[in-house]
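# Breakdown of the fold
Take a look at the letters that make up each chain.
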Amino acid sequence: MNATLPPHLPPPVSGPPDAAAATRAVPRLLSIVVPAYNEAGALAGTLDMIAGHLGTVVPHYELIVVDDGSRDATARIAAECTRRLPVTLVRFSRNFGKEAAISAGLQHARGDVVVCMDADGQHSADLLDTMLAHWRAGWDMVYAVRADRGQQGLFNRVGSRLFYRMMNMGGRIDIPPNAGDFRLMDRKVVDALLALPERQRFMKGMYAWVGFRSIGIPYTPLPRAAGETTFDRLNLMRLAWTGLTSFSVLPLRMASLTGGTLALLAFLYALVVMAEKLLFGIDVPGWPTVVVSIMFFAGVQLLFIGILGEYLARVYEEVKGRPAYIVAEVVRAGDEH
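Because the structure is predicted, anything quoted here is derived from the model rather than measured.

### Re the packing of aromatic side chains
In this structure the tally under the stated criterion is three aromatic pairs. Geometrically, the ring pair formed by F92 and F96 is edge-to-face, given 5.5 Å between the ring centres and 90° between the ring planes. Classification of F92 as buried rests on a relative accessible area of 1%. Consider the rings of F182 and Y219, whose centres lie 5.8 Å apart with planes at 80°: the pair is edge-to-face. Of this pair, F182 sits in strand β6 (residues 179-186) while Y219 is found in strand β7 (residues 214-219), placing the two residues 37 residues apart along the sequence. In this structure, F182 and Y219 share a single accessibility class: buried. One residue, R94, lies across the ring of F96, its end atom 3.9 Å from the ring centre.

Now the structure itself:
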């Protein structure tokens, strides 16, 4: 299949699928992973919307709702939905983050095709038809790319552009800009993701790292079904820093480059001082210069020690071997509750 992409979309990660791969039919079981955190107002409507669409598309499907330690009635509503929909509720013991929730959903998904969708209703179920069409044509991963960020604030637009540029400049993988967690994955992609052992998980980087035949399709998020997002700027910056330190050595390279540049400038300044003394007999009044230089270089050193500490902290977290999440309860359709 030769896919024609709009100009704002990145090219496929790999070439078009071969003829052997393009023989897929309707999946025997389609799994939808829905991570949810304080989404009591939107969850039931989102599940009904997805189920209503899938009923006409595939013969069998399941909805995996991962409650990420919500403080509202999200878990109760998901449990109630198991009585009328093929829903499995995976409830965490506390809030572990969306990346852990997605990983738990993938772990519990049984389908030969798995799709990740948000619980707030912003991911349209209509796009599942297009994703499945690409999967049947042989693509192993089909990810939705936000067509326009004009509705977002300046902070999000500039921050997103800078983040993806830094990631793709300092890493060994290319992460498609503006691609989120809304994506379809073949079973072999899911198995590859589950085989990755790290606990500090950055899913966008992991999607790109495992590879496989991937293609992006444009989408425009729908308005939230209810409530407001709980993913604020601080959480976005934390996630961005996790991605940088997990899949890129750019901060370390920038530290080395800055250190080398400062050393060169210090050497050149030393040559200027010696030349003025030897050629013109000028004594350089050094007290302010020395104090400012010491404070500047001390600040730079502490900054770079902090960067090294961040990488060391990642190693420390991995070495401890704690699980990425703890499941407190699993409720499946048909269970007594």
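### As for helix α2 (residues 74-81)
Across the eight residues that make up α2, a large majority, six, are buried. When we look at burial in α2, the residues that qualify are T74, A75, I77, A78, A79 and C81.

### Re the pairing of strand β5 (residues 141-146)
Most of β5 is tucked away, with six of its six residues classed as buried. Covered by surrounding structure in β5 are M141, Y143 and V145 together with V142, A144 and R146, the residues of both alternating faces. Pairing geometry for β5 and β6, over four bridges, is antiparallel. Bridge pairing in β6 places M141 opposite M185. Sheet topology places β5 next to β7; six bridges connect them, and they run parallel. Bridge pairing in β7 links Y143 to G216.

### Side note on the pattern of salt bridges
Within this structure, the stated rule accounts for nine salt bridges. The shortest N-O distance in the salt bridge between E329 and R91 comes to 3.0 Å. One end of the pair, E329, is in strand β8 (residues 327-332); the other, R91, is in strand β3 (residues 87-92), with 238 residues separating them in the sequence. With relative accessibility at 34%, the residue E329 sits in the partly exposed group. Sharing partners across several salt bridges, the network here consists of K98, D118 and D181.

### Structural notes on a nonpolar patch on the surface
A contiguous nonpolar surface patch, about 570 Å² in accessible area, is contributed by L264, L265, F267, L268, L271 and M274. On the secondary structure map, L265 appears in helix α9 (residues 250-280). Under the relative-accessibility criterion, L265 is labelled partly exposed at 48%.

### Observations regarding the sheet that holds β5
Within the open sheet, the eight strands sit side by side as β7-β5-β6-β4-β1-β2-β3-β8. Their pairing is mixed. Taken across any chain shown, the strands that pair with only one partner, and hence form the sheet edges, are β7 and β8. Strand-to-strand, the axes of this sheet are offset by a mean angle of 20°, without reference to chain direction. Judged from the five bridges that link them, strand β2 (residues 61-67) and β3 form a sheet pairing that is parallel. What sits directly across from V65, in β3, is L89. Its contacts with the sheet place α2 against β1 (30-36), β2 and β3, and it is angled at close to 155° to β3. Where helix α4 (residues 127-136) meets the sheet, it contacts β4 (113-116), β5, β6 and β7, and its direction lies at approximately 50° from that of β6.

### Let's talk about the packing of helix α3 (residues 98-108) against helix α6 (residues 187-195)
Two elements in contact, α3 and α6, have axes whose closest approach is 10 Å; the angle formed by their N-to-C orientations is 125°. Regarding the angle of α3 to α6, the classification is oblique. For the crossing formed where α3 meets α6, the hand is left-handed. Counted together, S103, L106 and Q107 of α3 and R187, V190, L193 and L194 of α6 form the full contact between these two elements.

### Brief notes about the packing of α3 against helix α7 (residues 203-210)
Interhelical geometry of α3 versus α7 gives an angle of 50° and a closest axis separation of 10 Å. Here α7 runs oblique to α3, going by the angle between their axes. In this structure, α3 contributes E99, I102, S103 and L106 to the contact, and α7 contributes M203, K204 and Y207. Classifying every residue of the contact of α3 with α7 gives four nonpolar, one polar and two charged.

Conventions we followed
- Residues numbered from 1 in each chain as written.
- Predicted model: local features only at pLDDT ≥ 70, side-chain atom pairs only at ≥ 80, totals over all residues.
- Heavy atoms only, no water.
- Phe/Tyr/Trp six-rings, centres within 6.5 Å; stacked < 30°, edge-to-face > 60°.
- Buried < 20%, exposed > 50% of the residue type's maximum accessible area, 1.4 Å probe, protein only.
- Helix = DSSP H or I, 4+ residues; strand = E, 2+ residues; numbered from the N terminus.
- Lys NZ or Arg CZ within 6 Å of the ring centre and 35° of its normal.
- Pairing = 2+ DSSP bridges.
- Salt bridge = Lys/Arg side-chain N within 4 Å of Asp/Glu carboxyl O.
- Patch = residues over 30% accessible without salt bridge, like charges linked within 9 Å, V, L, I, M, F, W, Y side chains within 5 Å.
- Areas by Shrake-Rupley, 256 points an atom, 1.4 Å probe, with all protein chains shown as cover.
- Axes fitted to C-alpha atoms, helices over the stretch in contact; angles between N-to-C directions.
- Contact = heavy atoms within 4.5 Å.
- Parallel < 35°, antiparallel > 145°, perpendicular 65-115°, else oblique.
- Left-handed = near helix turned anticlockwise from the far one by under 90°.
- Nonpolar A, V, L, I, M, F, W, Y, C, P; charged D, E, K, R; others polar.

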